[in-house]
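Summary of the model geometry
Read off the chains here:
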Amino acid sequence: MIINDELLDELLIKAAASERRRMNLDLRGTADDTSQRMLNALMPDTVVPMHRHRTTAETVVLLRGKATEILFNDEFVEMQRIDLDRERGNIGIQIPIGVWHTIIAHEPSVIIEMKDGAYEPMKPEDVKAI
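For clarity, every value in this text was computed on a predicted model and none was experimentally measured.

Regarding the side chain of H101
Assignment of secondary structure puts H101 in strand β8 (residues 100–105). Polar contacts involving the side chain of H101 include one to the main-chain carbonyl oxygen of V99, which spans 2.9 Å. Residues within four places of H101 in sequence aside, it is in contact with P49, M50, H51, R52, H53, E58, E69, I70, L71, F72 and I95.

As structure tokens, this is what we get:
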């Protein structure tokens, strides 16, 4: 698979048509691949719940658009905002294990997300509505 502008355009079209206003594309070659790698296209009006990953850090790299990653402490108080904007030179973030976070897209955006280990559905105690 080649990740190019055509692929990102197609993913953004699907995100725009999606009820959730976002769309992901699994980048693993097979179900036996125990890594987590995906493209995630985000429309500005999508809502990504605050969440955490208890067993892995998460790497987020901006491929297109502008977005802000927000990190929270365990009391859900905002600790840090990281503006992801290729023009400003901020293209990614490494989110430590267990840190609550969300992302806000300021324009149609595509990120690549990477985490260790096989996919595990989020548990209710690891997701908080914003």
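What about the pattern of salt bridges?
Under the criterion given, the structure shown has 13 salt bridges. Across the pair D9 and R64 runs a salt bridge whose closest N-O atoms are separated by 2.6 Å. Of this pair, D9 sits in helix α1 (residues 5–17) while R64 sits in strand β4 (residues 58–64), and the two are 55 residues apart along the sequence. D9 gets classed as partly exposed once you look at its relative accessible area, which sits at 38%. For E78, the salt bridge is made with R81, and the minimal N-O distance between the two is 2.8 Å. By sharing partners, the salt bridges in this structure join D5, D9 and R64 into a single network.

Here we look at the packing of aromatic side chains
On inspection of all chains with the given rule, the structure shows 1 aromatic pair. The residue whose ring lies beneath K128 is F76, and the NZ or CZ to ring-centre distance is 4.7 Å.

Looking at α1
Given a rise of 1.5 Å per residue, 13 residues ought to cover 18 Å, and the 18 Å separating the end C-alpha atoms of α1 matches this to within 8%. Among all positions in α1, only L7, L8, L11, L12 and A15 are buried. Looking straight down α1, one finds that the buried residues subtend no more than 135° of arc, so they occupy a single side. When the buried face of α1 is taken as reference, the exposed residues oriented beyond 90 degrees from it are E6, I13 and A17. Its side-chain oxygen at 3.2 Å from the backbone nitrogen of E6, N4 defines the N-terminal cap of α1.

A word on the sheet that holds strand β9 (residues 109–115)
Ordered by their spatial adjacency, 5 strands build an open sheet running β1-β2-β9-β4-β7, and the pairing between neighbours is antiparallel. At either margin of the open sheet sits one strand with a lone partner, and together these are β1 (22–26) and β7 (92–95). On average, each strand axis in the sheet is tilted by 20° relative to the strand beside it, whichever way the strands run. In terms of strand pairing, β4 meets β7 through 4 bridges, oriented antiparallel. Its bridge partner being in β7, E58 is matched across the sheet by I95.

Notes on the pairing of β4
In this sheet, β9 lies alongside β4 in antiparallel orientation, the contact comprising 6 bridges. Residue pairing for β9: E58 is matched across the bridge by K115.

Conventions adopted
- Residues numbered from 1 in each chain as written.
- Predicted model: local features only at pLDDT ≥ 70, side-chain atom pairs only at ≥ 80, totals over all residues.
- Heavy atoms only, no water.
- Helix = DSSP H or I, 4+ residues; strand = E, 2+ residues; numbered from the N terminus.
- Polar contact = N/O pair within 3.5 Å; in protein donor to acceptor, adjacent residues only side chain to side chain.
- Contact = heavy atoms within 4.5 Å.
- Salt bridge = Lys/Arg side-chain N within 4 Å of Asp/Glu carboxyl O.
- Buried < 20%, exposed > 50% of the residue type's maximum accessible area, 1.4 Å probe, protein only.
- Phe/Tyr/Trp six-rings, centres within 6.5 Å; stacked < 30°, edge-to-face > 60°.
- Lys NZ or Arg CZ within 6 Å of the ring centre and 35° of its normal.
- Expected span 1.5 Å × (residues − 1).
- Arc of directions from axis to C-beta.
- Pairing = 2+ DSSP bridges.
- Axes fitted to C-alpha atoms, helices over the stretch in contact; angles between N-to-C directions.

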